[in-house]
Amino acid sequence: MTEAAIAFVGLMILGVPIAFVILGASVVYFAINPLMASIVAQRMAGALESFPLLAVPFFIVAGAAMARGGIAQRLYHFADGLVGHWRGGLAQVAVMNSLFLGAMSGSSNADAAIDARTIVPIMRRRGYSNGFASVVAASSGAIAPIMPPSIGLIVYGLLTDTSIGRLFVGGIVPAFLITLALLATVRWASGRRGYLPERPAPLPARQVAIRAREATFALAMPVLLIAGLRGGWFTPTELGAIAALYAVLVGMFIYRGLRPRELPDLLRESALVTANVLFIVAAAAVFSMVLALEQLPQKMIGVLLSISDNKFVILIVINVMLLILGTVLEGLALMVILVPIFLEVMRTFGIDPVHFGI
């Protein structure tokens, strides 16, 4: 384990992408025992042999289609009608837009990428600092992993054998709470920096209604997804396929922002993003096996029990730990590595897996 830890730290210092850091440390661990070397490839392949994981590329396609097909633009226009008159109007719009986009793409990366291409350049032209605009776009991307249909929640559900439908429904209220907290923070920061509203007064209700009507097909998508999931009409994987098809059809035939000749580029872009996500999942699955062989979950339980036997204290400790580790590790990789460890912690302390997942 010492050699693997040295390899992990060394690769991190060299700035190697996190998926290769995880995989490299795992290879070093198993290479010490030649009889176990073949486990790496087997474990990576086995981690991806999961039907629910098909939802990941489908939702990525849906996010790419939204960015190209005019859905994101109409959501931005509607969000501007709702909160553009608040202090720091454009930054408020970026947060609201992330809530809407998170309810469709399920990916913080997709959400941040769409904001970076649409809202951030406008914010710069209107006098917002580059740093402030970038931070607002990045931090509001935190809504997407909580708001259904979240790719992160799909992966968590697979790792813990928890109902993905329950996780999706459990994420709705926390996503709105995060949105409210970000709106309040943006308002306070904009006041200190002197960022003005987009307009002096709210838009008339009639104009807001017009913008809502223009975005009807965009706003209908999350309602359809949640209703279909709660009604038992679709599995999460089928939901992803429907979301992708819906986004492509609306973008091509209703909003007419997506042309048939753009589909190959859209699919190529989605394939590259999917490969990145699933490679992290595969590499982290090998690393989690290393942790299991080293009995790290049992050791972690012992450490946490030495701190407190109160589950709420334990949850706070885990939150602080995740906050610190999140500054050096990619979120999805961090989750795939640590969830198998914390799964035993949850069972020991009687923590609801849906609560812990959110």
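In what follows, the structure referred to is the one given above.
Being a predicted model, the structure only gives us computed values, none of them experimental.

(A) Inspection of the overall build of the chain at higher detail. Along the backbone of the chain there are 19 helices and 0 strands. In terms of its C-alpha atoms, the chain occupies a principal-axis envelope of roughly 70 × 45 × 40 Å. A total of 358 residues make up the chain; the buried ones form 47% of that total. Here the contacts in the chain between residues at least 6 apart in sequence split such that 77% fall between residues at least 24 apart. Mean positive and mean negative side-chain charge positions of the chain (24 and 17 charges, respectively) differ by 13 Å.

(B) Region of the structure containing the packing of aromatic side chains. For the coordinates displayed, the defined rule picks out 8 aromatic pairs. Aromatic side chains Phe 78 and Phe 100 sit 5.6 Å apart centroid to centroid with 25° between the ring planes, which places their arrangement in the stacked category. Here the residue Phe 78 occupies a position in helix H5 (residues 71-83), and Phe 100 occupies one in helix H6 (residues 89-105), the gap between them amounting to 22 residues. Of the residues examined, Phe 78 reaches a relative accessible area of 11% and is grouped as buried. Looking at Phe 100, the relative accessible area reads 12%, which means it is buried. Ring geometry for Phe 132 against Tyr 195: centres 5.0 Å apart, planes inclined by 50°, an arrangement best described as tilted. Separated by 63 residues along the polypeptide, Phe 132 in helix H8 (residues 130-140) and Tyr 195 in the loop between helix H11 (172-193) and helix H12 (205-214) bring together distant segments of the chain. The buried category is assigned to Phe 132, whose relative accessible area is 9%. The structure contains a cluster of three or more aromatic residues connected by ring pairs, namely Tyr 128, Phe 132 and Tyr 195. Note that Arg 74 overlies the ring of Tyr 255, its terminal NZ or CZ placed 4.0 Å from the centroid.

(C) Here's a closer look at unusual backbone geometry. The phi torsion at Asp 161 lies on the positive side, around 55°, for a residue other than glycine. Turning to its location among the elements, Asp 161 is positioned in the loop between helix H9 (151-160) and helix H10 (164-170). Classification of Asp 161 as exposed rests on a relative accessible area of 73%. Even without being a glycine, Arg 256 presents a positive backbone phi close to 55°. Tracing the backbone through its elements, the reader meets Arg 256 in the loop between helix H14 (236-254) and helix H15 (263-293).

(D) Focus on the nonpolar core. Judged by nonpolar contacts, the single largest core of 121 residues is most densely connected at Ile 22, Phe 59, Ile 71, Met 123, Phe 132, Val 345 and Phe 356. The element contributing the most residues to this core is helix H18 (residues 331-349), with 14 residues. With residues near it in sequence (within four places) discarded, Ile 71 still touches Met 66, Met 104, Ala 218, Ala 247, Val 250 and Tyr 255.

(E) Structural context of the pattern of salt bridges. A complete count under the given rule lists 6 salt bridges for this structure. With its nearest N and O atoms 2.6 Å apart, the salt bridge here joins Arg 199 to Asp 80. In this pair, Arg 199 sits in the loop between H11 and H12 while Asp 80 sits in helix H5, placing the two residues 119 residues apart along the sequence. Judged by its relative accessible area of 13%, Arg 199 is buried. You can call Asp 80 buried: its relative accessible area is 10%. Residue Asp 80 is joined to Arg 211 by a salt bridge in which the shortest nitrogen-to-oxygen separation is 2.8 Å. Placement of the pair is Asp 80 in helix H5 and Arg 211 in helix H12, with a sequence separation of 131 residues.

(F) Inspection of the packing of helix H2 (residues 18-31) against helix H3 (residues 39-48) at higher detail. Close contact between H2 and H3 brings their axes to 10 Å; oriented N to C, the two are set at 140°. Classified by the interaxial angle, the pair formed by H2 and H3 is oblique. Residues Leu 23, Val 27 and Phe 30 of H2 form the contact with H3, whose participating residues are Ile 39, Val 40 and Met 44.

(G) Fine view of the packing of H8 against H11. Interaxial distance between H8 and H11 falls to 12 Å at its minimum, and their mutual angle equals 175°. Classified by the interaxial angle, the pair formed by H8 and H11 is roughly antiparallel. Mapping the contact onto sequence places Phe 132, Val 136, Ser 139 and Ser 140 in H8 and Leu 182, Val 186, Ala 189, Ser 190 and Arg 193 in H11.

(H) Fine view of the side chain of Ser 270. The topology assignment puts Ser 270 in helix H15. Reaching out from Ser 270, the side chain makes a polar contact with the backbone oxygen of Leu 266 at a distance of 2.9 Å. Contacts of Ser 270, omitting those with residues within four sequence positions, involve Ile 60, Val 61 and Ala 64.

(I) Molecular detail of the side chain of Thr 162. Looking at the secondary structure, you find Thr 162 in the loop between H9 and H10. A distance of 2.7 Å separates polar atoms of two side chains, one belonging to Thr 162 and the other to Thr 160. Discounting residues that sit within four places of it in the chain, Thr 162 has contacts with Tyr 156, Gly 157, Leu 167, Pro 353 and Val 354.

Rules used in this analysis
- Residues numbered from 1 in each chain as written.
- Predicted model: local features only at pLDDT ≥ 70, side-chain atom pairs only at ≥ 80, totals over all residues.
- Heavy atoms only, no water.
- Helix = DSSP H or I, 4+ residues; strand = E, 2+ residues; numbered from the N terminus.
- Buried < 20%, exposed > 50% of the residue type's maximum accessible area, 1.4 Å probe, protein only.
- Contact = heavy atoms within 4.5 Å.
- Lys, Arg positive; Asp, Glu negative; His and termini not counted.
- Charge placed at Lys NZ, Arg CZ, Asp CG, Glu CD.
- Phe/Tyr/Trp six-rings, centres within 6.5 Å; stacked < 30°, edge-to-face > 60°.
- Lys NZ or Arg CZ within 6 Å of the ring centre and 35° of its normal.
- Core = buried A, V, L, I, M, F, W, Y, C linked by side-chain atoms within 4.5 Å.
- Salt bridge = Lys/Arg side-chain N within 4 Å of Asp/Glu carboxyl O.
- Axes fitted to C-alpha atoms, helices over the stretch in contact; angles between N-to-C directions.
- Parallel < 35°, antiparallel > 145°, perpendicular 65-115°, else oblique.
- Polar contact = N/O pair within 3.5 Å; in protein donor to acceptor, adjacent residues only side chain to side chain.

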